[in-house]
Amino acid sequence: MTDAPNIAQKGAFSVEVQEGKTYWWCACGRSKRQPFCDGSHKDTGFEPVKYTAEESKKVRFCGCKHSASAPLCDGTHNRL
Ligand code: FES
Ligand code: FES
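Residues numbered from 1 in each chain as written. Chains lettered and ligands numbered in written order. Predicted model: local features only at pLDDT ≥ 70, side-chain atom pairs only at ≥ 80, totals over all residues. Heavy atoms only, no water.

Caption draft 1: Looking closely at the overall build of the chain. Along the backbone of the chain there are 0 helices and 4 strands. In the chain, the succession of α and β elements from N to C terminus is β-β-β-β. Since a compact globule built from 80 residues should have a radius of gyration of about 12 Å, the 12 Å found for the chain is in line with a globular shape. Based on the C-alpha atoms only, the size of the chain along its principal axes is roughly 35 × 30 × 20 Å. The buried share among the 80 residues of the chain stands at 42%. Long-range contacts, defined here as pairs at least 24 residues apart, represent 58% of the contacts in the chain between residues at least 6 apart. For the chain, the computed accessible surface area is about 4900 Å², with 44% contributed by carbon and sulfur atoms. Of the side chains in the chain, 12 bear a positive and 9 a negative charge, and the two mean positions are spaced by 6 Å. (Helix = DSSP H or I, 4+ residues; strand = E, 2+ residues; numbered from the N terminus. Rg over C-alpha atoms; globule rule 2.2 N^0.38 Å. Buried < 20%, exposed > 50% of the residue type's maximum accessible area, 1.4 Å probe, protein only. Contact = heavy atoms within 4.5 Å. Areas by Shrake-Rupley, 256 points an atom, 1.4 Å probe, with all protein chains shown as cover. Lys, Arg positive; Asp, Glu negative; His and termini not counted. Charge placed at Lys NZ, Arg CZ, Asp CG, Glu CD.)

Below, the structure is given as structure tokens:
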């Protein structure tokens, strides 16, 4: 069973990603290493979401964990 995710932060985390590198976005909201997974989702029913950077740039990862475009922020945090 999957409960609602924790809201880690009501706003995006801006991260400079590097081309070709893989990142694991925390979907459960419990990680202490936001916006990325640190394994804290164990037993929550959530799994991290893989993000592979196609280019080096700044990415706005969802911090509220309610984005419909996860792992990216889509503005949903404004309605929470
Ligand atoms: Fe989640 Fe913006 S931080 S939608
Ligand atoms: Fe949140 Fe892994 S700690 S998905």
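Caption draft 2: How the structure looks around the nonpolar core. Val17, Tyr23, Tyr51 and Phe61 are the most contacted members of the largest nonpolar core, which totals 15 residues. Elements represented by at least two residues in this core include exactly strand E1 (13–17), strand E2 (22–25) and strand E4 (57–61). Among residues more than four places away in sequence, those in contact with valine 17 are Tyr23, Tyr51, Ala53, Glu55, Ser56, Lys57, Val59 and Phe61. (Core = buried A, V, L, I, M, F, W, Y, C linked by side-chain atoms within 4.5 Å.)

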